[in-house]
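# What the coordinates show
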Amino acid sequence: MTPHSLAFYVDVIRSGTVLGAKPTDGPDQVTAILGSDFAENSFDDQSMWRDYGMVEFFWGRESRDDPWVGYHFTLQVHRLSSWGGSIVNRVIRERYGRFDRHLRFDKLERLLAKRGVRMEDVPDSNAPAYTLHWQPVSQVSVLTCGVQERGKYVVAANVLVTCMASLHR
């Protein structure tokens with residue numbers, strides 16, 4: 001893991017944004033920041049998400065006449081293990097450099113702590129295979145998936161970072 005890509009994860013967890021794009025930003029605002037290289041998905045007229053590679057932003061609306069309202073984004077870090085850094089949005093790669101195929105949560109958590117950003121452990125019925133962590137200031141959650149070695153879960157190998165919009169944001 002390069003220090004640059006670790007800096008990206010630290011920045012997202014500290015700020016609750018992706019390069020300044022907030023979970024409450026509309027589709028046009030996010031595209032202005034991350035670019036027009038995305039896949040757009042929808043189940044119906046009231047929900048939509050855009051897949052920018054490793055990053056996905058989600059919106060909803062009451063009816064097709066209403067504007068889209070953003071409510072969260074996710075970093076699908078686990079996609080790196082299959083696709084490598086090519087899955088990372090071009091704008092993010094240009095800013096942060098190369099991304100490795102794996103993110104060690106223990107390493108990330110140490111870097112966050114050095115910068116005064118504390119993650120709270122959230123009880124999870126799926127532990128130790130999965131662990132959940134919360135950063136209350138930025139409202140970012142991190143879900144990790146452990147790897148089993150010699151009968152014990154020892155390394156957080158895959159990570160899902162989610163930032164939910166809140167009313168006071």
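Residues numbered from 1 in each chain as written. Predicted model: local features only at pLDDT ≥ 70, side-chain atom pairs only at ≥ 80, totals over all residues. Heavy atoms only, no water.

### Overview of the side chain of R50
- With respect to the helices, strands and loops of the structure, R50 is situated in strand 2 (residues 47-51).
- Polar side-chain contacts of R50 include one of 3.4 Å to the backbone oxygen of P27.
- Within polar-contact distance, the side chain of R50 engages the side chain of T31 at 2.7 Å.
- Beyond its immediate chain neighbours, meaning those up to four positions away, R50 contacts P27, T31, F38, A39, E40, V55, E56, F57 and W59. (Helix = DSSP H or I, 4+ residues; strand = E, 2+ residues; numbered from the N terminus. Polar contact = N/O pair within 3.5 Å; in protein donor to acceptor, adjacent residues only side chain to side chain. Contact = heavy atoms within 4.5 Å.)

### Structural notes on the pattern of salt bridges
- The tally for this structure, following the rule as stated, stands at seven salt bridges.
- Across the pair K22 and D25 runs a salt bridge whose closest N-O atoms are separated by 3.3 Å.
- A salt bridge links R104 to D106; the nearest nitrogen and oxygen atoms lie 2.7 Å apart.
- D106 sits in the partly exposed class, given a relative accessible area of 31%.
- The network of salt bridges with shared partners includes D51, E56 and R79. (Salt bridge = Lys/Arg side-chain N within 4 Å of Asp/Glu carboxyl O. Buried < 20%, exposed > 50% of the residue type's maximum accessible area, 1.4 Å probe, protein only.)

### Some details on helix 5 (residues 105-114)
- Buried within helix 5 we find F105, L108 and L112. Down the axis, helix 5 shows its buried residues gathered within 60° of arc, on one side only.
- Residue G116 follows helix 5 closely and has a positive phi angle near 80°. (Arc of directions from axis to C-beta.)

### Details of the packing of aromatic side chains
- This model, assessed by the stated rule, comprises ten aromatic pairs.
- Ring centres 6.3 Å apart and planes at 20° place the aromatic pair F57 and W59 in the stacked group. Across the pair, exposure class does not vary: F57 and W59 are buried alike.
- When the ring of F57 is compared with that of F73, the centres are 5.1 Å apart and the planes differ by 40°; the resulting orientation is tilted. (Phe/Tyr/Trp six-rings, centres within 6.5 Å; stacked < 30°, edge-to-face > 60°.)

### Brief notes about the environment of N41
- Assignment of secondary structure puts N41 in strand 1 (residues 39-44).
- As for N41 and F58, which are separated by 17 residues in sequence, their C-alpha atoms are 9.5 Å apart.
- Contact partners of N41, with chain neighbours within four places excluded, come to S47, M48, W49 and D51.
- One polar contact links the side chain of N41 to the main-chain carbonyl oxygen of A39, over a distance of 3.5 Å.

### Describing the pairing of strand 3 (residues 55-60)
- In terms of residue burial, strand 3 counts as a mostly covered element, since six of its six residues are buried.
- Taking every second residue as pointing to the same face, both faces of strand 3 are buried, with V55, F57 and W59 on one and E56, F58 and G60 on the other.
- In sequence, strand 2 turns back onto strand 3 through a hairpin of three residues, with G53 there showing a positive phi of about 95°.
- Here strand 3 runs beside strand 4 (residues 69-76); their pairing, made up of six bridges, is antiparallel. (Pairing = 2+ DSSP bridges.)

### Remarks on the nonpolar core
- If you look at the biggest cluster of nonpolar residues, it comprises 34 residues, and the most contacted ones within it are F8, Y9 and V18.
- Among the secondary structure elements, those contributing two or more residues to this core are helix 1 (3-15), helix 2 (27-34), strand 3, strand 4, helix 4 (90-96), helix 5 and strand 7 (140-149).
- The element contributing the most residues to this core is helix 1, with six residues. (Core = buried A, V, L, I, M, F, W, Y, C linked by side-chain atoms within 4.5 Å.)

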